[in-house]
Structures are given as C-alpha cells and as structure tokens.
Amino acid sequence: MAAGSSAGARELFAEGLLQFLRPAVRQLDRHVHSVRESQVELREHIDSLATELCRINEDQKVALDLDPYVKKLLNARRRVVLVNNILQNAQERLRRLNHSVAKETVRRRAMLEAGGYQGK
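Fair warning: this is a prediction, and the values are worked out from it, not measured in the lab. (Residues numbered from 1 in each chain as written. Predicted model: local features only at pLDDT ≥ 70, side-chain atom pairs only at ≥ 80, totals over all residues. Heavy atoms only, no water.)

Visitor: Hey, could you run me through a nonpolar patch on the surface in this one?
Guide: Together, Phe13, Leu17, Phe20 and Leu21 make up an exposed nonpolar region whose accessible area comes to about 440 Å². Taking the relative accessible area as the measure of exposure, leucine 21 reaches 36% and is therefore partly exposed. (Patch = residues over 30% accessible without salt bridge, like charges linked within 9 Å, V, L, I, M, F, W, Y side chains within 5 Å. Areas by Shrake-Rupley, 256 points an atom, 1.4 Å probe, with all protein chains shown as cover. Salt bridge = Lys/Arg side-chain N within 4 Å of Asp/Glu carboxyl O. Buried < 20%, exposed > 50% of the residue type's maximum accessible area, 1.4 Å probe, protein only.)

Okay, here's the thing in structure tokens:
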C-alpha cells in the first residue's frame, strides 16, 4: 500500500511540476519570438542605413570616407544575424520542450485516470 501511495505522490508531484513549468515555457517562448521580431527589424534598419550612407558617400562633392562607418554597420548587422540565429535555436528548443511537457502531461493524466478507474 505504501508503494502505491509513493507512486501516486510522485505522479502528483510530476503533474504539479509540469503544470508549474508550462506557463513559464510559454511566456519565455513569447518573449523570444518578440526579440526575434525586433532583431529582424533592427537588421532591416541597419541595411537601410548602410545603403543610405553609401548613397550619401557617392553623392558627396567633398570626399568623405564613410567606408569605416559602413563596415561598422555591416559588422553590427552580422552580430544581429548571429544573435537572431541563437534566438531561433533557443526558440526551437523551447518549442520542443513545450511539446514534450504537453505530451508528458497527457500521458500522466491518462495514467492517473486509468489508475483511478481500476480502484473503483
């Protein structure tokens, strides 16, 4: 009887833990998605600014060397793309974790319900 009670307690704890983690995983996923959207927007602005600087540099009668600034912008863009890739990988892992949590919740709920029906 004690072993059955212990297993039930573990199942209850696991169910509670899964219920506790699910909202945090979903919230983190939403935040990562939001940051990724911001990263894409930032990358587009950097591209636009680099293009504008090149155009200004070509149109100037006075020789201004804007190439170092364009290179800095392109380097910043490269870093933004790198961070975006990291975020994309993290979001994919979160999506898989969320899927696993949901799958495990369904499995445990089915086990608990099956155990409850056997006792009646």
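So much for the structure itself; the text now carries on.
Visitor: Help me understand the pattern of salt bridges in this model?
Guide: Between side chains of opposite charge, pairing is possible as soon as their charged atoms come close. Taken as a whole, this structure holds six salt bridges when the rule is applied. The closest approach of N and O atoms between arginine 55 and glutamate 52, which form a salt bridge, is 2.4 Å. Here arginine 55 and its partner glutamate 52 are both found in helix α1 (residues 2-59), three residues apart, which amounts to about one turn of the helix. Assessed through its relative accessible area of 40%, arginine 55 is described here as partly exposed. The class for glutamate 52 is partly exposed, based on a relative accessible area of 35%. Residues arginine 107 and glutamate 104 are paired through a salt bridge, measuring 2.6 Å at the closest nitrogen-oxygen approach. You can see arginine 107 and its partner glutamate 104 sitting in helix α2 (residues 67-118), three residues apart, about one turn around the helix. Its relative accessible area of 39% is what places arginine 107 among the partly exposed residues. Salt bridges here are not isolated pairs; linked through shared partners, they connect Glu92, Arg95 and Arg96. (Helix = DSSP H or I, 4+ residues; strand = E, 2+ residues; numbered from the N terminus.)

Visitor: Just checking my understanding: could you explain the nonpolar core for this structure?
Guide: For soluble globular proteins, nonpolar side chains are generally found buried alongside one another. Ile46, Ala50, Leu53, Leu66, Val70, Leu73 and Val80 together form the largest nonpolar core, which totals seven residues. Breaking this core down by element, the ones donating at least two residues are α1 and α2. Not counting residues up to four positions away in its chain, the partners in contact with alanine 50 are Val70, Leu73 and Leu74. (Core = buried A, V, L, I, M, F, W, Y, C linked by side-chain atoms within 4.5 Å. Contact = heavy atoms within 4.5 Å.)

None of the figures reported here should be taken as evidence of function without further support.
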